[in-house]
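Per-entry structural report
One-letter residues, chain by chain:
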Amino acid sequence: MTSIVSVGSSPSPILIALLGSALIVPLLGSLGLTVLKRRSVGRTRTPQVIPVILAISTLSLAALLIYPGEDVYLFTWLPDAGPSSLHLGGLGGWVAVATTASLLVGLMLVSGDRQPPWALLLSALTVANVSFLASDFLTRYVALEILGLTMAVVPLVERCPHHVHHAKTTFMYLRLGDVGLLIAIMGLMASTGTLSIAHALDMASRLHGAHLRWITGGMLTAVWIKTAAWPTDGWLQVTKDLSSVSGGWLYGLLMPNLGLYLLYRVTPLVSRDPIVSWLALGLSGAGVLIAVVRIMSDLRPWQLAVSVTALLSYGALAAAATGHQTMLAWLLLASTPLRMACWLQSQRAPRLTDLMPRIPTSGIRGKGLTRVTEPIHQGWDIVTHKFVALAAGWAARLHGLATSVVSPHPQSARQSWENALPRAVARSVLGFCRRLQEAHSGQLRRNIQWATLGLLAFLAWMVADAW
Amino acid sequence: MSEVALCIVIAEPVAVAVALLVLSRQMAHSAGWWAAAASLIAVAFAFALWPGPNQGQVPVLTLAWHPTARIVLGLRCDWITHPFLITTTVITALSIIYALGLHHAGHHAPAFYALLLLFGASMSGTTLADNMTLFYTFWELMLITSALLILVWGDASPGSPPRRAVAMKYFLVTHAGSILVLLALIAVYNQAGVDGFSALRNGVKIPEKMISTITLLFLVGFGVKMAVFPLHVWLPDAHTIAPMPVTIMLAAAMLSMGVYGILRFPLSLFEGAQLTSFAVPMMIAGVASEVYGAFMALVEKHVKRVIAYSSVSQMGYILFGLGTLTQRGLTGATLHVIYHAMVKALLFMVTGIVVHATGKRLIHELGGLRQDLPTTTLCAVIGVLAIAGTPPLGIFSSEWMIFSGGAETGALALTAAAIVGTLLTVAYALRFLVHLFFSDVPADVQVRSLSSAVLLPMVCLTVLTIVMGAWPAPLIRWVSHGTSLLLGGLR
């Protein structure tokens, strides 16, 4: 199957037109804005074409809901992975409508505020809707990765404070979630032989043991990060420096919705394994406790919105752990407009930040609950920042040792040993080398020849022995 | 026609190289243009070989050289050869065009370009050779020409390691690997009694206990050329000191010769069942190389070394894919060779432009170059996103196939480790991009103007990276023809 759109057995022109206007119109709008260089960042007036595009997209997506259960095959991208396809109807379609409509409503509410990069937001809308509707894991994964990249570019284009740091943080965190998702997809693909989401999840529900845990573990990691659950909410903290719509809709609503929808799809797997189920319940309970403590101790508006988003994801995780898939679906749909309102309110109230700084609540503080979470904060900080540097340092030492073995320079070889090993060990090793040096040519650089000869002798012995 | 093309791909660059050496005075000013033309002709003839395998007619050239020893020199272009041949010829041509813009060679330009052509021809010869004698001859020629290029034209700026020492280290370490390959070839020849690959393809009886030894020798020998951890020790210095066009050829084309060797020998000679004991160790070694290389790239301060260590990491992905011994894994690994060649050449070209334009080599001395070098910044962004495996750019599809091959073996923990390792790739790639182009501008950075000959190959590679990534299906089908012939026809 090549680059064609085919719908079930009888392609319907109306359906293709609706799909085109739902997905292609925002993309064309994005391209148009980019090509025309209508840079809306910093302006206070929204380009008039944006509400029109969003209205067309919302209405088209809503109209697509009348085609429940229809599969639309797009094209085959990787020959081995089967055709990329979209599934119409179902919760994915509803969430796509709700999320697109939220952007339209948000746009109306924030007129007069700093304008976001609309070209990027429209691209994000297209890939997010593709992800909601995707019926195969490859399409969904690719859409999520592209969305993560688009989100990372937003702070750069908006030129907000610390924009480079924010871009890096967003990309790295969301990529970590994608890593979890990719592990799960690989596990599913290996055990079920298909990338079709419905078939793979259906077949995976018959899996047991370690294989199932790899899959659910990977999926839950992805969900945990995409719903900005603590402590992987670093990417959501970026919202404080972004424009209202970018921060509130793109960061605060869209990505968490994708995470929650993913959780909805894998709920049967999560609730199937008692260990995973109890673990998810425990995590959600701990998460709720932490969120409550954070809400009590930090009353800054955007921080409250972060905590509310996280609280919702803990609730959703508890619903998934207990197998309440329908409850999760309602939670996702009903909370979408509420969360949008919450985010816009927090973003529109930067003046409150001065009035409501970080206020430690005496009761909670007095009981030491915030102190309980402090070591976890620090531990996470070590993992995310210090561990990488530490491990890289050890890798550098290892390299030093490896280099010194074949280094033709006596000085650099010696230096490498001294850097790589504790002083006492380095001294004894160097002493041994010096004696070796005196015993042979007197030059350490010759050691490589001896080492090569030794290696060859060893190999010759091995070969002779094998013969 | 195909047989003629087979000969011309190697003979034409060699002939131009000899002419450049002999007529060096007369061709002093036009040497680069002659070399560029010769390398582009080689590319055209490499593509001209395509219809042969596609129509089921594999072009072969033979010459009985030593009848008593049953040594018949032969050239052959089959499905396994062709992707590597195209990769090496294209990279050679782009490197030579890039060299034109940098004016690297000064007064010795004819010799420099002649050696570049010989280096490229030796890589083409290695892939086209259809017998062990010719294979090893080209294999060694590849080493000699590249070592000479490092020795004579290596970076002699203050603070850099002496180029003589680096060239010696490069020669000795990679030659040690070559000796292991030679031992394995001799062992195969002793058992089979012939040195032609065609005869070997028809099946030879080798005792089981010999298979392990031969495979180990091949893997370690070719592993040195691939520069996987811990056999990579020659790579960082050689990549740093070599002149930029040579670095590009080393990283983007020569490393892939190690992969070709593994595909051509252990994986072609033996069946999957005979190599099962090597699968998990290869996958573990692949993950180790991936993680180690990425960590080193994360802490290196010299911009060329960052990209150099990235090669160690990327070769880890390839080794992991080869270790899966599955069709998906092998196709992914071969695909990764092609994508890695494009992206690595692109990133080294970006690095070369940055070093050439600013005169600075350390990452903390550079910054804010996006304003002065906008085209280079755009190409760097694409290169960095590609090496980080971001869809729809090329490396994503090869990594997808490598990881799905790993999962297919049932080694989910190892596959998960390899996938988690990709985060480190993202980390060092972002560090490179942000430090060079998006951080604050250091006070003393002056940017020189650039020749369009430097920008042209870089832009070409950027476009190729985008197009071949967004539309990978033809490439995957092309590569999977070859990998379906491996491991005794594969499972």
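Residues numbered from 1 in each chain as written. Chains lettered and ligands numbered in written order. Predicted model: local features only at pLDDT ≥ 70, side-chain atom pairs only at ≥ 80, totals over all residues.

**Side note on the overall build of chain A**
Where we set the bar: The way it works is that DSSP assigns letters per residue, a run of H or I at least four long becomes a helix, a run of E at least two long becomes a strand, and they are numbered from the N terminus. Residues with at least 20 other C-beta atoms within 10 Å of their own are called buried, those with 12 or fewer are called exposed, and the rest are partly exposed. The C-beta atoms themselves are positioned from the backbone. Think of it this way: build a C-beta for each residue from its backbone, and any pair within 7 Å is a contact.
What chain A contains, in helices and strands, is 18 helices and three strands. Among the 467 residues that make up chain A, the fraction classed as buried is 47%. In chain A, the share of contacts with a sequence separation of at least 24, taken over all contacts with a separation of at least 6, comes to 76%.

**Comments concerning the overall build of chain B**
Put simply, the rule reads: Every radius of gyration here is taken over C-alpha atoms, with the globule rule written as 2.2 Å times N^0.38, N being the number of residues.
Looking only at helices and strands, one finds 21 helices and two strands in chain B. By the compact-globule yardstick of 23 Å for 491 residues, chain B fits well, its C-alpha radius of gyration being 21 Å. Within the span of chain B, comprising 491 residues, buried residues form 63% of the whole. Looking at chain B alone, contacts between residues at least 24 apart form 80% of all its contacts between residues at least 6 apart.

**A short note on the packing of helix α6 (residues 132-153) of chain B against helix α11 (residues 244-264) of chain B**
All names here are of chain B. Applied cut-off: Note on geometry: axes are C-alpha line fits, over the in-contact stretch for helices, and angles between N-to-C directions span 0 to 180 degrees. Note on angle classes: values under 35 degrees are labelled roughly parallel, values over 145 roughly antiparallel, values of 65 to 115 roughly perpendicular, and the remainder oblique. Crossing handedness is read from the near helix: turned anticlockwise from the far helix by less than a right angle, it gives a left-handed crossing, and turned clockwise, a right-handed one. Residues are grouped as follows: nonpolar covers Ala, Val, Leu, Ile, Met, Phe, Trp, Tyr, Cys and Pro; charged covers Asp, Glu, Lys and Arg; every other residue, Gly included, is treated as polar.
Two elements in contact, α6 and α11, have axes whose closest approach is 12 Å; the angle formed by their N-to-C orientations is 160°. Here α6 lies roughly antiparallel to α11, going by the angle between them. Note on packing geometry: the crossing formed by α6 with α11 is left-handed. When α6 is examined against α11, the residues M142, S146, L149 and I150 are found in contact with a partner set consisting of V246, L250, M254 and M257. Considering only residue class, the contact of α6 with α11 consists of seven nonpolar, one polar and no charged.

**With respect to helix α7 (residues 197-204) of chain A**
Residue and element names in this part refer to chain A. Going by this rule: Of all possible arcs, the one meant is that of the directions from the helix axis to the C-beta atoms.
Of all the positions in α7, only I197, A200, L201 and A204 are classed as buried. Buried residues of α7, viewed axially, fall in a sector of 95°; they line one side. In the core, the buried residues of α7 are packed alongside α5 (137-158), α6 (163-192), α8 (209-226) and α9 (244-272).

**Some words on unusual backbone geometry**
Each neighbour pair has its own omega, and for F229(B) with P230(B) the value is 0°, a cis peptide bond. Note that the residue after P391(B), namely P392(B), is joined by a cis bond; omega there is 5°. Mapped onto the secondary structure, P392(B) falls in the loop between α16 (374-387) and α17 (394-408). One non-glycine residue, R159(A), adopts positive backbone phi at about 55°. Looking at R159(A), the number of C-beta atoms within 10 Å reads 10, which means it is exposed. The phi angle at A228(A) is positive, at roughly 60°, despite the residue not being glycine.

**Observations regarding α9(A)**
Test applied: A helix is expected to span 1.5 Å multiplied by its residue count minus one. Bend at a residue means the angle formed by two fitted axes: the first through the 7 residues ending at that position, the second through the 7 residues beginning there.
Compared with an ideal rise of 1.5 Å per residue, which puts 29 residues at 42 Å, α9(A) spans 40 Å between its outermost C-alpha atoms and is within 8% of the ideal. Most pronounced at V266(A), the bend in α9(A) amounts to some 60°, and the proline P268(A) follows within four residues.

**Describing the nonpolar core**
Put simply, the rule reads: As used throughout, a nonpolar core is a set of buried Ala, Val, Leu, Ile, Met, Phe, Trp, Tyr and Cys residues joined through C-beta atoms within 7 Å of each other.
By size, the foremost hydrophobic cluster in this structure holds 326 residues, and its most contacted members are A35(B) and A345(B). Apart from residues no more than four positions distant in its own chain, A35(B) is found in contact with V16(B), L20(B), I96(B), Y113(B), L116(B) and L117(B).

**Remarks on the packing of helix α1 (residues 2-22) of chain B against helix α2 (residues 31-48) of chain B**
Residue and element names in this part refer to chain B. Here α1 crosses α2 at 175°, and the two axes come no closer than 8 Å. Judged by the inter-axis angle, α1 sits roughly antiparallel to α2. In contact with A5, I8, V9, E12, P13, V16 and L20 of α1, α2 contributes A31, W34, A35, A38, S39, I41, A42, F45, A46 and A48. Residues of the contact of α1 with α2, tallied by class, amount to 15 nonpolar, one polar and one charged.

**Focus on the environment of L88(A)**
All names here are of chain A. Among the structural elements, L88 can be located in the loop between β3 (84-87) and α3 (90-109). C-beta crowding within 10 Å serves as the criterion here: with 23 such atoms nearby, L88 is assigned to the buried category. Once the C-alpha coordinates of L88 and W214 are considered, the two residues, 126 residues apart in sequence, prove to be 29 Å apart. Those residues in contact with L88, other than ones at most four positions away along the chain, are L64, Y67, P68, E70, V72, G93 and L133.

**Notes on the environment of V246(B)**
Residues and elements named next belong to chain B. Assignment of secondary structure puts V246 in helix α11. Taking the number of C-beta atoms within 10 Å as the measure of exposure, V246 has 27 and is therefore buried. Along the sequence, V246 and I96 sit 150 residues apart, while their C-alpha atoms lie 9.0 Å from each other.

**Overview of the confidence of the model for chain A**
Residue and element names in this part refer to chain A. Spelled out, the test is: The pLDDT score gives, residue by residue, the confidence of the prediction method on a 0 to 100 scale.
Summary statistics for chain A give a mean pLDDT of 76 and a share of 68% for residues scoring 70 or more. Predicted confidence for residues 1-5 stays below pLDDT 50, and this span has eleven contacts to residues more than four positions away or in other chains. Scored below 50 in pLDDT, residues 439-449 shows 16 contacts in the model against residues more than four places distant or in partner chains.

**Observations regarding the environment of W278(A)**
Tracing the sequence through the fold places W278(A) in helix α10 (residues 274-297). Along the sequence, W278(A) and H324(A) sit 46 residues apart, while their C-alpha atoms lie 14 Å from each other.

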